[in-house]
Amino acid sequence: MILQRSLLLLVLLGWISFFNLPQSVVGCGDDGQDGFTKITEENMAKWLRLAKFSRAAYEPRGNLQAWNCDTCLSDLSDFQPSKIAFNDALGTQAFVGFDPTLNSIILSFRGSENLENWAQNILGVCWPRFPDIYERDGVIVPRTDWVHGGFLNSYESIRPEVMSGVLALKQDRPNTPVVVTGHSLGGAMAILAAPDIGIALRERQSSPSVVSFGAPIVGNTGFSSFYWSMVRRSVRVENTCDMIPRLPTCAGGQHVPGVAKFAAIGSCHTTFLGFPISPGGARRPFFRLPGKGKR
């Protein structure tokens, strides 16, 4: 009963936080990444464009294939996805393509915004899982490292298509940087994908960059250190009133390095600089356990 009341309270707080103060810069984390996390006009313009890629990832697959959506046609008209990865059973989705504006290979993951499902599946559940996907090509992951199994399960559901899409573009554009992005669950998947891509590109001495929006805590202190050894440019863009980056509350959990924080306009969890990253009214679960069926 106590747990149920606690979960209900957190859900109510999440919905109440949809009404916030005007947007303003309120601070940023350490800037040990050559200015990558620094709140500047240049970075904010880049983050806003990546927020639009994160928004596009929520579109139905047909819209992505035709690149036919409001954001696609108005703000990202010079972009065309070369690969769309999806898993209908888990509802996961991502796309890959070259962006001439940022001169980067973009990998964008779809997220989730159903706070009720967050309460049911995340707030009361800690599911540590060893990230064995990284143990290849001579890479050794300490056995004490763990990530949240639900996030890893979501990423693994589309991992082969994601990796093949990124590596195919990298083959054609060997000197083009890779930028991984996503909102909410999509941000968690972006954080998990980045070291995976980094390992694949180690021989080329190329490391992906990550810009996530409203991402949760993905793993423990050990994973954070491992992540930093593979990904040297990473920023978690957050609204200060957003509850999702504080979750899940697992013992030993720790965010990956790099953060830029803002006060929000509109929804705490679904906007950046006033731009709605996720579509209104979507009812998507944060993740599903294996065998839970379609959404």
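Located above this text is the structure these notes cover.
First, a word on what this report is: a plain description of the structure on this page. (Residues numbered from 1 in each chain as written. Predicted model: local features only at pLDDT ≥ 70, side-chain atom pairs only at ≥ 80, totals over all residues. Heavy atoms only, no water.)

### Observations regarding the state of the cysteines
This is how the line gets drawn: Cysteine sulfur atoms that pair up within 2.5 Å are treated as a disulfide. Three exposure classes are used, based on accessible area relative to the maximum for each residue type with a 1.4 Å probe and protein chains only: buried under 20%, partly exposed in between, and exposed over 50%. Working definition: helices are DSSP H or I runs of at least four residues, strands are E runs of at least two. Numbering for both runs from the N terminus.
Evaluated as defined, the whole model comprises 2 disulfides. For Cys69, the disulfide goes to Cys72, at an S-S distance of 1.9 Å. On the sign convention where negative means left-handed, the S-S torsion of about 85° between Cys69 and Cys72 marks this disulfide as right-handed. A relative accessible area of 0% means that Cys72 is categorised as buried. The disulfide that involves Cys241 links it to Cys268, with 2.0 Å between the sulfurs. Disulfide Cys241 to Cys268: torsion about the S-S bond roughly -115°, handedness left-handed. Of this pair, Cys241 sits in the loop between strand E10 (233-239) and strand E11 (253-254) while Cys268 sits in the loop between strand E12 (259-263) and strand E13 (271-272), and the two are 27 residues apart along the sequence. Assessed through its relative accessible area of 1%, Cys268 is described here as buried.

### Re the pairing of E12
Within a regular beta strand, the side chains point alternately toward one face of the sheet and then the other, so they alternate between its two faces. Where we set the bar: The pairing criterion is simple: DSSP has to find at least two bridges between the two strands.
With 4 of 5 residues buried, E12 lies mostly within the body of the structure. Alignment of E10 against E12, held across 4 bridges, turns out to be parallel. Counted as the bridge partner of Glu238 is Lys261 from E12.

### A look at the layout of surface pockets
For the record, the criterion: Using only the protein atoms, space was sampled on a 1 Å grid; points where a 1.4 Å probe fits but cannot get out form cavities, open sets with protein on both sides within 12 Å along at least five of seven lines form pockets, and lining residues are those with an atom within 4 Å of a point. Grid points are joined across faces, edges and corners, and a volume is the space filled by probe spheres set on the points. Throughout this entry, Asp, Glu, Lys and Arg are counted as charged residues, while Ala, Val, Leu, Ile, Met, Phe, Trp, Tyr, Cys and Pro are counted as nonpolar. The remaining residues, Gly among them, count as polar.
Within this model, the largest pocket holds a volume of roughly 160 Å³. Lining the largest pocket, in full, are Phe36, Lys46, Ser104, Pro177, Val179, Ser206, Ser207, Pro208, Ser209, Arg232 and Arg233. Grouping the constituent residues of the lining of the largest pocket by class yields 4 nonpolar, 4 polar and 3 charged.

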